[in-house]
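Examining the three-dimensional arrangement
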Amino acid sequence: MHRFANPAEFNRLADAILPWAKVVMAAAFLYGLYLALYASPADYQQGESVRIMYIHVPAAWMAMFTYMVVAVASFTALVWRHPLALLAGKAAAPIGLVFTGLALLTGMLWGKPMWGTYWVWDGRLTSVLVLFFLYLGYMALWRALDEEDKAGRAASILALVGVVNIPIIKFSVDWWNTLHQPASVMRMDGPSMPVEMLWPLLTLAVAYKAYFVVVLLYRMKLEINLRKLSVLSSLEVQG
Amino acid sequence: MAGLKTRKKQRLVVASIAVAAIAGAVLLVLFAMGGDSLSLFLQPSAVHAKEIEAGKRFRLGGLVAPGTFSKAEDGLTYHFTITDCAADIPVTFKGLLPDLFREGQGVVTEGRLNGTGTFVADTVLAKHDENYAPPGTMPKNAEACTHPEGLNSGYNTSPGSRG
């Protein structure tokens, strides 16, 4: 772990991963979208509207996955004072916010024709909205305090407090009566959808994850460069 | 260096306990509040068990019992029965039904019970299940709703026989 605490070492690793991640991202997006929008069947109940699922479900997975990344990064930063972990959390949060927003938005656009409403306050929808606000709160705390160290610590504590929301989102559809349907893919007795629908879904999930890796690494490199810059300019002021 | 190591270990323990305690507290509160208060709707069995009085507004959800759907002569009023496979409640609704509304599929309605135990709904939302399948095929886990007493078997839907 401590090898990566060195920014130069991190930069080298990031530059090695980035081209591969970009290739995976481009290939998975093209192939996944081709399958999802063209080469997959309509649904026996929902018809063509089912294609919204291929955008919506991976976005919702990303929303939760990214939060877990922020939470683990925050934990590492708080316990081991690992500076890169702190930056990883800071860099990941806006990505999670965007995908949570995308999941909410596509969910609303899907809900109107299927359910007959854009929004209901059921367990699943409400807990995902809470996730959206947790991301906003985390990002706001980073900006609320002038001292980087304190801001990072406060934001990290919030991220850890909010981690309880992840199992709530996952199991809301099992614990309570909700308008949102229960899980179709990650369920005990195997997916309740045929392979020709599962495949585009999983391909796009890979594409989203590769996108996450690309954007996260760029954002972390940016943060490191900004830090170098501020050290340099403070040296200049002194000199 | 020894002191540094102890402090890291201390932070690890404190952070782990704090996260576990907060998560545990939140989950306990949620379970203490109970499933019904956090649920979007009540199923027919729960409506009977709670003996909800006529005129009180709530959401009723379940499956549209197959063979119970009918359209009134005005072309706008619909009658159907909502079942959770253990209890049935007849529903009337005047308005537009969502596209996904079908017999045998899930539905969430909002309204009030009238004096005769019929639920008068002013909102009907379709609840689609977790099954996906190409047209013309049946999903792997199709809703298998076998009513213990057969549909419309006169399960306590009238207020007189309730409770």
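Now for a description of the structure that goes with this document. (Residues numbered from 1 in each chain as written. Chains lettered and ligands numbered in written order. Predicted model: local features only at pLDDT ≥ 70, side-chain atom pairs only at ≥ 80, totals over all residues. Heavy atoms only, no water.)

1. With respect to the packing of helix α3 (residues 83-114) of chain A against helix α7 (residues 195-238) of chain A
All names here are of chain A.
- α7 packs onto α3 with a crossing angle of 135° between their chain directions and a minimal axis gap of 9 Å. Here α3 is positioned oblique relative to α7, judged by the angle of their axes. α7 is crossed by α3, and the crossing has right-handed handedness. Touching Leu84, Leu87, Ala88, Lys90, Ala91, Ala92, Pro94, Ile95, Phe99 and Leu102 of α3 are Tyr208, Tyr211, Phe212, Val215, Leu216, Arg219, Met220, Glu223, Ile224 and Arg227, all from α7. (Axes fitted to C-alpha atoms, helices over the stretch in contact; angles between N-to-C directions. Helix = DSSP H or I, 4+ residues; strand = E, 2+ residues; numbered from the N terminus. Parallel < 35°, antiparallel > 145°, perpendicular 65-115°, else oblique. Left-handed = near helix turned anticlockwise from the far one by under 90°. Contact = heavy atoms within 4.5 Å.)

2. Digging into a nonpolar patch on the surface
All names here are of chain A.
- A cluster of nonpolar side chains, Tyr31, Leu33, Tyr34, Leu37, Tyr38, Val195 and Trp199, forms an exposed patch at the surface whose accessible area comes to about 800 Å².
- If you tally residues by element for the nonpolar patch, the top one is helix α1 (residues 7-37), at 4 residues.
- Checked against the element boundaries, Leu37 lands in helix α1. (Patch = residues over 30% accessible without salt bridge, like charges linked within 9 Å, V, L, I, M, F, W, Y side chains within 5 Å. Areas by Shrake-Rupley, 256 points an atom, 1.4 Å probe, with all protein chains shown as cover. Salt bridge = Lys/Arg side-chain N within 4 Å of Asp/Glu carboxyl O.)

3. Quick notes on the pattern of salt bridges
Residues and elements named next belong to chain A.
- Evaluation of the coordinates by the stated rule reveals 13 salt bridges over all chains.
- Linking Glu223 and Lys90 is a salt bridge whose minimum nitrogen-to-oxygen distance equals 3.4 Å. Note that Glu223 is positioned in helix α7 and Lys90 in helix α3, a separation of 133 residues in sequence. The residues Glu223 and Lys90 share a single accessibility class, namely buried.
- Residues participating in the shared-partner salt-bridge network are Lys90, Glu148, Glu223 and Arg227. (Buried < 20%, exposed > 50% of the residue type's maximum accessible area, 1.4 Å probe, protein only.)

4. Concerning the packing of helix α2 (residues 52-80) of chain A against helix α5 (residues 148-161) of chain A
Residue and element names in this part refer to chain A.
- At a closest axis distance of 8 Å, the pairing of α2 and α5 adopts a crossing angle of 130°. When the axes of α2 and α5 are compared, the pair comes out oblique. Once α2 is placed against α5, the crossing between them reads as left-handed. In contact with Tyr67, Val70, Ala71, Ser74, Phe75 and Leu78 of α2, α5 contributes Arg153, Ser156, Ile157, Leu158, Ala159 and Leu160.

5. Some remarks on the interface of chain B and chain A
- Each partner contributes residues to the interface: chain B has 44 residues there, and chain A has 46 residues.
- Between chain B and chain A, a total of about 3,800 Å² is buried, with carbon and sulfur atoms accounting for 62% of that surface.
- Considering only the surface of chain B that becomes buried against chain A, His128, Glu130 and Tyr132 of chain B emerge as the three largest contributors, covering 19% of it.
- Counting across the interface, chain B meets chain A through 1 salt bridge. (Buried area = accessible area lost by both parts, 1.4 Å probe.)

6. With respect to the packing of aromatic side chains
Residue and element names in this part refer to chain A.
- Applying the stated criterion across every chain, the model contains 17 aromatic pairs over all chains.
- Measuring from centroid to centroid gives 5.3 Å for Phe65 and Phe212, while their planes differ by 80°, and the two rings are edge-to-face. A residue pair is termed long-range when its members are at least 10 positions apart, and Phe65 in helix α2 and Phe212 in helix α7 qualify at 147 residues.
- Phe212 sits in the buried class, given a relative accessible area of 5%.
- With centroids separated by 5.8 Å and ring planes inclined at 75°, the aromatic side chains of Trp175 and Trp176 adopt a geometry described as edge-to-face.
- Note on Trp176: relative accessible area 8%, which makes it buried.
- The rings of Phe29, Phe99, Tyr208 and Tyr211 are connected pair by pair, giving a single aromatic cluster.
- One Lys or Arg, Lys90, reaches over the ring of Trp142 and ends 4.7 Å from the middle of that ring.
- Above the plane of the ring of Phe65 lies Lys209, whose end atom (NZ or CZ) is 5.1 Å from the centre. (Phe/Tyr/Trp six-rings, centres within 6.5 Å; stacked < 30°, edge-to-face > 60°. Lys NZ or Arg CZ within 6 Å of the ring centre and 35° of its normal.)

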